[in-house]
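Per-entry structural report
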Amino acid sequence: MIVSIIVAAGENNEIGKGNALLWRLPNDMKRFKEITTGHTVVMGRKTFESLPKGALPNRTNVVVSHNKNLQLENCIVVHSLDEVFVKCIREEEVFIIGGEEIYRQALPFTDKIYLTRVQAAFPEADAFFPKIDPAEWQVVSRETILPDEKNQYFTTFYEYKRNY
């Protein structure tokens, strides 16, 4: 099983404020959908609650929560990342999609990172992605996207692989 993180982060690793994204980037949302459709996505409860329509379609949604009584429609609820890895052992690739705490816990077990770097600072942010140690990771692809009428910021799509 390949464990991958998919995340959009500002230039200071900002990912959100008040359990919401700091930007609206249709190009990034399209990339997210293309990469994760047909796979398992793993998120914390707060990230699940931030989804406007609940569970993401055409994906197996796994929600990590400390609440042993939590039940969510169209989701598998687990109580640790260890449980995720056991339940998903037969999956080809599993995507960690947030938030801050789940990213931090999953990073040591991650094989790939799909990062959208938003070329702007967001001082109001209250959630952050962990720093990527360049000694542990190598960039295997990079694509810069110019802003347009629907996408306000310069962005760069990166794919990282862990150096083993």
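Located above this text is the structure these notes cover.
Residues numbered from 1 in each chain as written. Predicted model: local features only at pLDDT ≥ 70, side-chain atom pairs only at ≥ 80, totals over all residues. Heavy atoms only, no water.

1. Overview of the overall build of the chain
Counting secondary structure elements, the chain contains four helices and ten strands. Its helices and strands taken in sequence order, the chain reads β-β-α-β-α-β-β-α-β-α-β-β-β-β from the N to the C terminus. A compact globule built from 164 residues would reach a C-alpha radius of gyration of about 15 Å, and the chain, at 15 Å, matches this within 12%. Projected onto its principal axes, the C-alpha positions of the chain cover 45 × 35 × 25 Å. (Helix = DSSP H or I, 4+ residues; strand = E, 2+ residues; numbered from the N terminus. Rg over C-alpha atoms; globule rule 2.2 N^0.38 Å.)

2. Description of helix α1 (residues 26-36)
For an α-helix, the turn length of 3.6 residues means that residues three or four places apart are oriented alike. When we look at burial in α1, the residues that qualify are D28, R31, F32, I35 and T36. Angular distribution of buried residues about the axis of α1 spans 110°; they occupy a single face of the element. The outward face of α1, more than 90 degrees from its buried face, is lined by the exposed residues K30, K33 and E34. Lining the buried residues of α1 we find β1 (2-10), β3 (40-44), β6 (93-98), β7 (112-118) and β10 (155-162). Two residues or fewer after α1 comes G38, characterised by a positive phi angle close to 85°. (Buried < 20%, exposed > 50% of the residue type's maximum accessible area, 1.4 Å probe, protein only. Arc of directions from axis to C-beta. Contact = heavy atoms within 4.5 Å.)

Take it as geometry only, folks, not as evidence of what the structure does.
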